[in-house]
Amino acid sequence: MTDQPRPETATGAVIAGVVPGQSPRVVREAARYAALSKAPLIVAHVDTTRFVAFEDPDGYVHSSTVDVAGAAAKAALDEVRRAAGEALAARDLDWSVRQVIGDPALALIQLADEVDAGLLVVGTRKRGIGESFREFLTGSVAARLSHRQRRPVLVVPLGEPAAADEELPWE
């Protein structure tokens, strides 16, 4: 495991977009596809408390933050790294953890372009009124990924599925 994938080895990578506290199922499914395709796995966390201010021609990203101390972003990355390590402990797989910044869908797309990823893997959101409202305001990351870039997107269901007669958040 490394913190930053080497560009020459990340080509065709599988990217798992994860959030702290999320089920390890997303990372495990992404690892399965990475192993099948003999590609490296990048476990990516998007820090939504920072945003890209500007990017240098050499690719260095200057960011601005609404989290002045940066402690929340570091804690989230540490949690993602710990959880990924646990989920991937028994796997013989080239994997790394990256933290990208900004809007989740756009940040994952930019990372996928940077490493020429072969697949993006994300999980569904937890069901509930708060999550439904958030999805109404910001939109589904999975849906935005499927419409804004060319790679396949695997959406891993988390939690219990909605019943056939249950209203879905967007209905």
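Structural data are supplied above this passage.
Residues numbered from 1 in each chain as written. Predicted model: local features only at pLDDT ≥ 70, side-chain atom pairs only at ≥ 80, totals over all residues. Heavy atoms only, no water.

Before we go on, may I ask you to explain the overall build of the chain in this structure?
Broken down by element type, the chain carries 6 helices and 7 strands. The linear arrangement of helices and strands in the chain, starting from the amino end, is α-β-α-β-β-β-α-β-α-β-α-α-β. Counting all 171 residues of the chain, 36% fall into the buried class. In the chain, the share of contacts with a sequence separation of at least 24, taken over all contacts with a separation of at least 6, comes to 74%. A total of about 10,100 Å² of accessible surface is found on the chain, and carbon and sulfur atoms cover 56% of it. (Helix = DSSP H or I, 4+ residues; strand = E, 2+ residues; numbered from the N terminus. Buried < 20%, exposed > 50% of the residue type's maximum accessible area, 1.4 Å probe, protein only. Contact = heavy atoms within 4.5 Å. Areas by Shrake-Rupley, 256 points an atom, 1.4 Å probe, with all protein chains shown as cover.)

What am I meant to see in the pattern of salt bridges here?
Here the idea is simple: oppositely charged side chains can pair when their charged atoms come close. With the rule as written, the count across this model stands at 9 salt bridges. Here Arg82 makes a salt bridge to Glu79, at a shortest N to O gap of 2.6 Å. You can see Arg82 and its partner Glu79 sitting in helix 3 (residues 71-88), 3 residues apart, about one turn around the helix. Its relative accessible area of 25% is what places Glu79 among the partly exposed residues. A salt bridge links Asp113 to Arg151; the nearest nitrogen and oxygen atoms lie 3.1 Å apart. Separated by 38 residues along the polypeptide, Asp113 in helix 4 (residues 104-115) and Arg151 in the loop between helix 6 (141-148) and strand 7 (153-156) bring together distant segments of the chain. (Salt bridge = Lys/Arg side-chain N within 4 Å of Asp/Glu carboxyl O.)

I would appreciate a short explanation of the pairing of strand 1 (residues 14-18) in the present structure.
The two faces of a sheet get side chains in turn, since along a regular strand they alternate between them. Most of strand 1 is tucked away: 5 of the 5 residues are buried. Neither face of strand 1 is left uncovered, since the one carrying Val14, Ala16 and Val18 and the one carrying Ile15 and Gly17 both have all their residues buried. Across 5 bridges, strand 1 lies against strand 2 (residues 41-47) in parallel orientation. Directly across from Ile15, in strand 2, lies its bridge partner Ile42. In this region the chain leaves strand 1, passes through helix 2 (residues 25-37) and returns to the parallel neighbour strand 2; the handedness of that crossover is right-handed. Sheet topology note: the strand 1/strand 6 (residues 119-123) ladder contains 4 bridges and is parallel. Following the sheet pairing, Ala16 is matched in strand 6 by Val121. (Pairing = 2+ DSSP bridges. Right-handed = clockwise from strand over helix to strand, strands pointing away.)

Explanation requested: the nonpolar core in the structure shown.
Counting 22 residues, the largest nonpolar core has Leu41, Val43 and Leu88 as the members making the most contacts within it. When contributions to this core are tallied by element, the ones reaching two or more residues are strand 1, helix 2, strand 2, helix 3, strand 5 (95-101) and strand 6. The contacts of Val43, once residues within four sequence positions are left out, are Ala16, Val18, Val27, Val80, Ala84, Leu88, Trp95, Ser96, Val97 and Arg98. Among the nonpolar cores identified, the runner-up in size contains 19 residues, and Ile42, Ala107, Ile109 and Leu145 belong to it. (Core = buried A, V, L, I, M, F, W, Y, C linked by side-chain atoms within 4.5 Å.)

Whenever I open this one, the environment of Ala73 confuses me. Can you help?
Along the chain, Ala73 turns up in helix 3. Sequence separation between Ala73 and Val46 is 27 residues, and the spatial gap between their C-alpha atoms is 9.1 Å.

Is there a simple way to explain the side chain of Gln22 in this structure?
Within the element layout of this structure, Gln22 appears in the loop between strand 1 and helix 2. Beyond its immediate stretch of four places on either side in the chain, Gln22 contacts Gly17, Gly123 and Leu158.

Please explain the sheet that holds strand 2 as it appears in this structure.
Within a beta sheet, neighbouring strands are joined by backbone hydrogen bonds and run either parallel or antiparallel to one another. An order of 5-2-1-6-7 is seen for the 5 strands of this open sheet, with the pairing classed as parallel. The open sheet is flanked by strand 5 and strand 7, the only strands paired with a single partner. Direction aside, neighbouring strands of the sheet carry axes that sit 25 degrees apart on average. Relative to strand 5, strand 2 runs parallel, the two being bridged by 7 bridges. The residue of strand 5 that forms the bridge with Leu41 is Trp95. Sheet contacts for helix 2: strand 1, strand 2, strand 6 and strand 7; angle to strand 1, the most-contacted strand, approximately 175 degrees. Contacts between helix 4 and the sheet are confined to strand 1, strand 2, strand 5 and strand 6, with strand 2 contributing the most and set at about 145 degrees to the helix. (Axes fitted to C-alpha atoms, helices over the stretch in contact; angles between N-to-C directions.)

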